[in-house]
Amino acid sequence: MKRTLILDLQNKEEQEQVKLKGWIHNIKKFKHFAFVILRDRSGVVQLVINKKEILDELKLEMTVEVIGSLLKNKNAPNGIEVTVNKVNVIGKAYYDLLPFSINGKDINASFEKQLDYRTISLRRMKTRGVFKIQQEIVNAFRKFLLDEGFNEIHTPKIIGSETEGGSEVFMVDYFGTRTFLAQSPQFYKQMMVGAGFERVFEIGHAYRAELHSTWRHLNEYVSLDVEVGFIKDEFDLMKLEEKMIKYIINHLSDNCDRELKMLKVKLPVIKEIPKITLIEAQEILLEKYDKRSPIGNIDAEGEKLFAKYIKEKYDSDFVFLTKYPSSKRPVYTMPDKKEGMTKSFDLIFKGLEITTGGQRIHDYDMLIKNIKKFGGKPERMEFYTETFKYGMPPHGGFAIGLERITMMMLDLDNIRKATLIPRDINRVTP
Ligand code: AMO
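Residues numbered from 1 in each chain as written. Predicted model: local features only at pLDDT ≥ 70, side-chain atom pairs only at ≥ 80, totals over all residues. Heavy atoms only, no water.

**Examining the overall build of the protein chain**
Helices and strands together make up the secondary structure of the protein chain, namely twelve helices and 16 strands. For the C-alpha atoms alone, the extent of the protein chain along its principal axes is close to 85 × 55 × 40 Å. Each of the 430 residues in the protein chain was classed as buried or not, and the buried ones make up 52%. Carbon and sulfur atoms provide 52% of the accessible area of the protein chain, an area that totals close to 21,500 Å². Each charge sign in the protein chain was given a centre, from 69 positive and 61 negative side chains, and these centres are 5 Å apart. (Helix = DSSP H or I, 4+ residues; strand = E, 2+ residues; numbered from the N terminus. Buried < 20%, exposed > 50% of the residue type's maximum accessible area, 1.4 Å probe, protein only. Areas by Shrake-Rupley, 256 points an atom, 1.4 Å probe, with all protein chains shown as cover. Lys, Arg positive; Asp, Glu negative; His and termini not counted. Charge placed at Lys NZ, Arg CZ, Asp CG, Glu CD.)

Quick look at the structure:
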């Protein structure tokens, strides 16, 4: 007999024999029988077991194969139960005590403990639901870009030069040579635009040697990267990202109904995303909230306050902050007409930066001069700058942090809750 998924039991007839496989989720014993809840990847179902010798064998979370007949019973969860004839234990359980509750309403364990036992905390359907939504964000990102004529690329993560500047870079001993873990695929995505692909995207890991542990930083995250050739300016990129975000939200609404309900999430509605220059935003923060900002930036508290202002004024959960100063952007960023500024932007979602992007310098001479101006050594970046000698189109792009967009979409309070197996300053296991 073929296995039936619990979700597909709805399509079966009364009295039909079915074979189920899954985990023992719960056992409620009565005098002459027990209700056992079986869980598989698609859901849970109530089993009725009245043979003592079967019941004596069962323990929470062991995996079993069950044969029984289907009964429609409106008092059972989801209106279906299975009267069991036979149970085979196919994966024994060896624990004395579960680390925390898998079937209870509350998990009753610290978040760190849940991460220590990640594969056990993921057994909770709600916890796994986050990753179904994350999967659909990735699916929508990929589908949207393929429809827009982009090529998916896969670039190396062991690289010869840091891309984003700063000290947040992991070093790797590569057969005796000092190399780095990619902070982003920045140089390669630009090089691939120049190589003739014109429009590329990558879904890949990025590494940041963040020395602090915060609710919004990881040391390894998934970067959703986009790079587009033949653009007019950074406004083309914001237009593309706005269209993409709308597409992602519609896709989630069409494909994740069950998970959104389970996680009690209401998706944001987007009309037009407001665009405000960084300087204007800093002035608004000072005037309205008496909040001073660091030079050329807005700190985490400022981002939250500014998001509140945008929500009240424009009824938007998203806002583009534009025109960051050159001193705060990497050397590859295209300078703006306004002295000291760049053609760059961030996208803030419910008060957290989820994207950085901008137009890039595409002229070889200008790029070399800019690298030198910021104290860089062009000779160490020849693998990157070489492409620019052979005719580079005006181009630009952006990157979205996958865990950050997932966290904000689901109103989670910590980025690790949107990370399958997190890497932070205190954690390299499991
Ligand atoms: P940036 O460094 O701003 O820009 O990163 C882009 C986006 O990646 C996410 N992100 C992170 N997520 C979790 N933990 C971290 N430590 C972390 N660091 C960054 C954020 C952020 O907005 N090359 C440019 C992008 C571009 O211009 O195309 C870049 O990497 O969501």
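**Some remarks on the site of the ligand**
With respect to spatial proximity, 23 residues lie near the ligand, and among them Gln186, Lys189, Glu353, Thr356 and Arg360 are the closest. At 2.7 Å from an oxygen atom of the ligand is found a side-chain nitrogen or oxygen belonging to Lys189. In the environment of the ligand, an oxygen atom lies 2.8 Å from a nitrogen or oxygen atom belonging to the side chain of Arg208. Protein burial of the ligand: of its 620 Å² of free accessible surface, 94% is covered by the chains. For the shell around the ligand, the secondary-structure elements that each account for two or more residues are helix H5 (186-197), strand S15 (352-359) and strand S16 (395-401). (Near = heavy atom within 4 Å. Polar contact = N/O pair within 3.5 Å; in protein donor to acceptor, adjacent residues only side chain to side chain.)

**Some details on the pairing of strand S9 (residues 177-181)**
Pairing of strand S7 (residues 158-159) with S9 involves two bridges; the strand directions are antiparallel. Looking at the pairing, Ile159 lines up with Phe180 of S9. Note: strand S8 (residues 171-174) against S9, four bridges, orientation antiparallel. Bridge assignment links Val172 to a residue of S9, and that residue is Thr179. Linking S8 back to S9 in an antiparallel pair, the connection comprises two residues, with Phe175 at a positive phi of about 50 degrees. (Pairing = 2+ DSSP bridges.)

**Section: the nonpolar core**
Ranked by size, the top nonpolar core spans 54 residues in total, and within it Val226, Met244, Phe318 and Ile405 carry the most contacts. Top element by residues in this core is helix H4 (residues 125-147). It accounts for nine residues. Non-local contacts of Phe318, meaning those with residues more than four positions away in its chain, are made with Ile245, Ile249, Pro268, Ile270, Ile273, Pro274, Ile310, Leu347, Ile348, Phe349 and Ile354. Listed in part, the 23 residues of the second largest apolar core include Leu38, Val45, Leu47 and Ile80. (Core = buried A, V, L, I, M, F, W, Y, C linked by side-chain atoms within 4.5 Å. Contact = heavy atoms within 4.5 Å.)

**Let's talk about the sheet that holds strand S4 (residues 63-72)**
The strand order S1-S2-S3-S5-S4 describes a closed barrel built from five strands, whose pairing is mixed. Along the sheet, successive strands turn relative to each other by an average axial angle of 55 degrees, direction set aside. Where strand S1 (residues 17-29) lies against S4, seven bridges are found, and the strand directions are antiparallel. Counterpart to Lys21 in the pairing with S4 is Glu65. (Axes fitted to C-alpha atoms, helices over the stretch in contact; angles between N-to-C directions.)

**Quick word on helix H10 (residues 364-373)**
Taken residue by residue, H10 has Leu367, Ile368, Asn370 and Ile371 as its buried positions. For H10, the arc enclosing every buried residue in end-on projection is 165 degrees, short of the 170-degree limit, so these residues lie on one face. Opposite the packed face of H10, turned more than 90 degrees from it, sit the exposed residues Lys369, Lys372 and Lys373. The N-terminus of H10 is capped by Asp363, whose side-chain oxygen sits 3.3 Å from the backbone nitrogen of Asp365. Where H10 terminates, the next one or two residues include Gly375, which has phi positive at roughly 80 degrees. (Arc of directions from axis to C-beta.)

**Re unusual backbone geometry**
Cis geometry marks the peptide bond from Thr429 to Pro430, where omega comes out at -5 degrees. Mapped onto the fold, Pro430 is located in the segment after helix H12 (402-409). Despite not being glycine, Lys323 shows a phi value in the positive range, around 55 degrees. Structurally, the position occupied by Lys323 is in the loop between strand S13 (318-322) and strand S14 (344-349).

**Focus on the sheet that holds S8**
Within the open sheet, the three strands sit side by side as S7-S9-S8. Their pairing is antiparallel. On the outer flanks of this sheet lie S7 and S8, each paired with one strand and no other.

**With respect to the environment of Met125**
Relative to the assigned elements, Met125 resides in helix H4. Linking Met125 and Ser42, residues 83 residues apart in sequence, is a C-alpha distance of 9.0 Å. When neighbours within four sequence positions are excluded, Met125 is seen to be in contact with Ser42, Gly43, Val44, Arg258 and Met262.

**Section: the domain arrangement of the protein chain**
Taken domain by domain, the protein chain holds domain 1 (6-91) and domain 2 (125-418). Just the C-alpha atoms count here: the centres of domain 1 and domain 2 sit 47 Å apart. (Domains from an automatic or database assignment.)

**Considering the pairing of S13**
Along S13, five of the five residues are buried, which leaves the element largely enclosed by surrounding structure. Side chains of S13 alternate between two faces, with Phe318, Phe320 and Thr322 and Val319 and Leu321 buried alike. Here strand S12 (residues 275-277) runs beside S13; their pairing, made up of three bridges, is parallel. Counted as the bridge partner of Ile276 is Leu321 from S13. Pairing of S13 with S14 involves five bridges; the strand directions are antiparallel. Residue Phe320 lies in a different strand from S14, and its bridge partner there is Leu347.

**What about the pattern of salt bridges?**
The tally for this structure, following the rule as stated, stands at 34 salt bridges. Between Asp56 and Lys52 there is a salt bridge, and its shortest N-O distance comes to 2.8 Å. You can see Asp56 and its partner Lys52 sitting in helix H1 (residues 52-57), four residues apart, about one turn around the helix. Across the pair, Lys52 and Asp56 agree in class, each one exposed. With its nearest N and O atoms 3.4 Å apart, the salt bridge here joins Lys291 to Glu301. Here the residue Lys291 occupies a position in the loop between helix H8 (278-289) and helix H9 (300-314), and Glu301 occupies one in helix H9, the gap between them amounting to ten residues. Among the ionic contacts, a cluster of salt bridges with common partners joins Lys189, Asp225, Glu227 and Arg360. (Salt bridge = Lys/Arg side-chain N within 4 Å of Asp/Glu carboxyl O.)

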